[in-house]
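Listed below are the residues making up each chain.
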Amino acid sequence: MGMRNRRIPARVLVAVAVCVAGGVFGAALALSSGAAGGGKPVAGDEFGVFASGTPASVEPRLVSLADQVGVDTSDKSHFRVLATGLGQFNSRLVAFPARSGENVCYSLLGASQYDPGMSYCYQPRGDNLPAGLAGERFSVVALQARLDGVYHTQVFGVAENIVKSIRVNVAGKWVPLSIVRNGFYLDLPGVALEDVGIVEATLANGSTQVHDIQTGE
Amino acid sequence: MLAATEGGTMMLSKLRRLPDVVPSPTSRVRFAVLASVLFAAFAFAGAAIAANIYWASPLSPGGYASTGGWNNRTYNWACRDDGTGNTGKTQVAFFLTTDPPDDPSYKSGIVDSRCSTGVYARLDFSGYFKCRCWNKGTISFKVVCQTNI
């Protein structure tokens with residue numbers, strides 16, 4: 001039996017092309033979701049580390065995040081490692097702008113891909129922010145892990161140049177944090193997330209701003 | 001040579017039948033509809049493959065959504081996405097197979113989120129996890145939650 005030299009009908013070719021185009025369109029749409037703007041570019045002006053820090057390549061673990069949050073070529077050139085060797089997971093804190101500097105993303109990444117890590121992207125000058133977040137010159141999040149039945153919490157974030165000091169209330173006691181390269185971090189082994197409360201930032205003019213880890217603002 | 005001959009015969013045969021297979025206006029419409037349906041279906045499938053959104057509906061305050069089960073995952077994120085332009089409080093978690101139903105081994109704190117402006121929280125590490133996301137606000141709103149598998 002020889003091979004037949006059969007032509008594929010044009011309709012089939014068109015149908016296949018439509019399917020492929022549809023798939024590509026859908027994937028592109030999904031990956032570019034949430035591409036609208038809304039805030040003012042602040043990353044370069046308010047965070048010294050983005051303006052003068054040493055450039056770093058985008059972490060492989062964060063490539064999909066960068067794609068999702070709208071990191072453009074300029075943003076990629078401002079990817080920064082703020083600190084390394086942090087806490088019990090030997091983590092590193094990294095940050096990068098997104099949406100041409102309108103947003104700031106920061107990530108705590110463990111030494112291995114299996115160590116607990118978390119990213120948060122926010123819009124420092126976004127519209128319609130809740131009263132508790134509007135004007136906040138820093139951003140902080142917490143991540144809890146339960147290992148062998150024991151809770152551990154990591155508190156981390158970024159602060160604009162104007163923030164001079166940060167402290168966190170842990171089970172009723174204030175714990176001061178160091179701000180290095182616009183980033184800060186606190187490892188709390190044996191502490192549950194529910195025991196972490198107010199984070200207070202003191203600005204250069206002496207005023208304070210607070211953020212409650214329990215409510216998110 | 002045989003194949004070429006057979007192919008040539010087929011071509012001639014098709015050319016002879018050409019008047020019969022020229023689409024009528026009605027069949028063109030049917031084909032356009034079919035193409036549109038196929039495009040939409042594959043667009044949806046493409047989006048699903050790329051995004052793997054496991055929840056994209058309103059949640060009541062304190063409500064949550066979870067993946068159907070456990071899988072090897074590398075991230076889990078959530079954000080408010082109801083078209084109001086407002087932000088909403090969310091939280092994300094990873095459950096191990098041995099975790100109690102309401103006490104995940106890993107969870108973020110409560111954070112403000114808004115999908116439309118790229119504001120959201122994401123757990124960024126690998127493991128065999130079940131994902132969960134919450135509405136931690138005080139009103140109902142649409143929450144979008146996504147993982148890679």
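Since the structure is predicted, the reported quantities are computational estimates derived from the model, not experimental observations. (Residues numbered from 1 in each chain as written. Chains lettered and ligands numbered in written order. Predicted model: local features only at pLDDT ≥ 70, side-chain atom pairs only at ≥ 80, totals over all residues. Heavy atoms only, no water.)

Some words on the overall build of chain A
Move 1: Within chain A, the secondary structure is distributed over five helices and 11 strands.
Move 2: Counting the 217 residues in chain A, one finds 48% classified as buried.
Move 3: Taking all contacts inside chain A whose residues are at least 6 apart in sequence as the whole, residues at least 24 apart take part in 57%.
Move 4: Here chain A displays about 9800 Å² of accessible surface, and carbon together with sulfur accounts for 57% of that area. (Helix = DSSP H or I, 4+ residues; strand = E, 2+ residues; numbered from the N terminus. Buried < 20%, exposed > 50% of the residue type's maximum accessible area, 1.4 Å probe, protein only. Contact = heavy atoms within 4.5 Å. Areas by Shrake-Rupley, 256 points an atom, 1.4 Å probe, with all protein chains shown as cover.)

Digging into the pattern of salt bridges
Move 1: Following the criterion strictly, the structure yields 12 salt bridges over all chains and no others.
Move 2: The salt bridge partner of R146(A) is D103(B), with a shortest N-O separation of 3.1 Å. Of this pair, R146(A) sits in strand β5 (residues 138-147) while D103(B) sits in the loop between β5 (88-95) and β6 (106-108), which puts the two residues in different chains.
Move 3: Counted as one network, the salt bridges with shared partners bring together E46(A), R125(A), R137(A) and E160(A). (Salt bridge = Lys/Arg side-chain N within 4 Å of Asp/Glu carboxyl O.)

What about the sheet that holds strand β8 (residues 173-177) of chain A?
All names here are of chain A.
Move 1: Taken together, the four strands give an open sheet; going across it, the order is β8-β7-β10-β11, and neighbouring strands pair in antiparallel fashion. Where the open sheet ends on each side, the last strands, each with one partner, are β8 and β11 (208-212). Adjacent strand axes in the sheet meet at a mean angle of 25° when their direction is disregarded.
Move 2: As defined by bridge partners, strand β7 (residues 163-170) adjoins strand β10 (residues 196-203) across six bridges and the pair is classed as antiparallel. Its bridge partner being in β10, V168 is matched across the sheet by V199. (Pairing = 2+ DSSP bridges. Axes fitted to C-alpha atoms, helices over the stretch in contact; angles between N-to-C directions.)

Points about the confidence of the model for chain B
All names here are of chain B.
Move 1: Confidence along chain B averages 79 in pLDDT terms, with 66% of residues attaining 70 or more.
Move 2: Low pLDDT (under 50) marks residues 1-22, which in the prediction has seven contacts with non-local residues, meaning those over four places away or in another chain.
Move 3: Predicted confidence is poor over residues 42-50, with pLDDT under 50, and the contacts of this stretch with residues over four places away or in other chains come to 17 contacts. (pLDDT = per-residue confidence, 0-100.)

What to know about empty space enclosed by the protein
Move 1: Summed over all chains, the structure comprises one cavity of 30 Å³ or more.
Move 2: In this structure, the largest cavity spans a volume of roughly 210 Å³.
Move 3: Lining of the largest cavity is provided by 19 residues; of these, Y120(A), Y122(A), L133(A), S139(A) and D112(B) occupy positions nearest its centre.
Move 4: Sort the elements by how many residues they give to the lining of the largest cavity and β5(A) lands first, with four residues.
Move 5: Here the lining of the largest cavity is composed, by residue class, of 11 nonpolar, five polar and three charged. (1 Å grid on protein atoms, 1.4 Å probe; cavity = no way out; pocket = protein on both sides within 12 Å on 5 of 7 lines; lining within 4 Å. Points joined across faces, edges and corners; volume = space filled by probe spheres on them. Nonpolar A, V, L, I, M, F, W, Y, C, P; charged D, E, K, R; others polar.)

Here's the deal with the pairing of strand β1 (residues 80-86) of chain A
Residue and element names in this part refer to chain A.
Move 1: Sheet topology places β1 next to strand β2 (residues 91-98); four bridges connect them, and they run antiparallel. Residue L86 lies in a different strand from β2, and its bridge partner there is S91.
Move 2: Here β1 folds back onto β2, and the loop between the two strands holds four residues, one of which, G87, carries a positive phi near 60°.

Focus: unusual backbone geometry
Residue and element names in this part refer to chain A.
Move 1: Even without being glycine, N90 reaches a positive phi, approximately 50°.
Move 2: Inspection of the secondary structure puts N90 in the loop between β1 and β2.
Move 3: For N128, which is not glycine, the phi torsion reads 55° and is therefore positive.
Move 4: As for its placement among the helices and strands, N128 is situated in the loop between β4 (118-122) and β5.

A closer look at the confidence of the model for chain A
Regions with low pLDDT carry predicted coordinates that are not meant to be interpreted in detail.
Move 1: On average, residues of chain A carry a pLDDT of 87, and 82% of them reach 70 or more.
Move 2: When the criterion is pLDDT under 50, residues 22-37 of chain A qualifies, and its contacts beyond four places in sequence or with other chains add up to 34 contacts.

Digging into the state of the cysteines
Residues and elements named next belong to chain A.
Move 1: As enumerated under the stated definition, the model contains three disulfides over all chains in all.
Move 2: Note that C105 is cross-linked by a disulfide to C121, the S-S spacing being 2.1 Å. Looking down the S-S bond of the C105 and C121 bridge, the torsion is 110°, so its handedness is right-handed. Of this pair, C105 sits in strand β3 (residues 103-109) while C121 is found in strand β4, placing the two residues 16 residues apart along the sequence. (Disulfide = S-S within 2.5 Å.)

Quick word on the side chain of N169(A)
Residues and elements named next belong to chain A.
Move 1: Within the fold, N169 resides in strand β7.
Move 2: A distance of 3.0 Å separates a polar atom in the side chain of N169 from the backbone nitrogen of G172.
Move 3: Contacts of N169, omitting those with residues within four sequence positions, involve W174, D195, V196, G197 and I198. (Polar contact = N/O pair within 3.5 Å; in protein donor to acceptor, adjacent residues only side chain to side chain.)

Overview of the environment of W55(B)
Residue and element names in this part refer to chain B.
Move 1: Here W55 lies in strand β1 (residues 53-59).
Move 2: Taking the C-alpha atoms as reference points, W55 and V144, separated by 89 residues in sequence, lie 5.5 Å from one another.
Move 3: Among residues more than four places away in sequence, those in contact with W55 are A65, V143, V144 and C145.
Move 4: In terms of polar contacts, W55 uses its side chain to reach the backbone carbonyl oxygen of S57, at 3.0 Å.

Comments concerning the pairing of β7(A)
Regular strands place side chains that alternate from one sheet face to the opposite one.
All names here are of chain A.
Move 1: With five bridges connecting them, β7 and β8 associate as antiparallel partners. Residue pairing across strands places V170 opposite K173, the latter belonging to β8.
Move 2: In this structure, the hairpin formed by β7 and β8 is closed by a connection of two residues, where A171 is found at a positive phi of approximately 50°.

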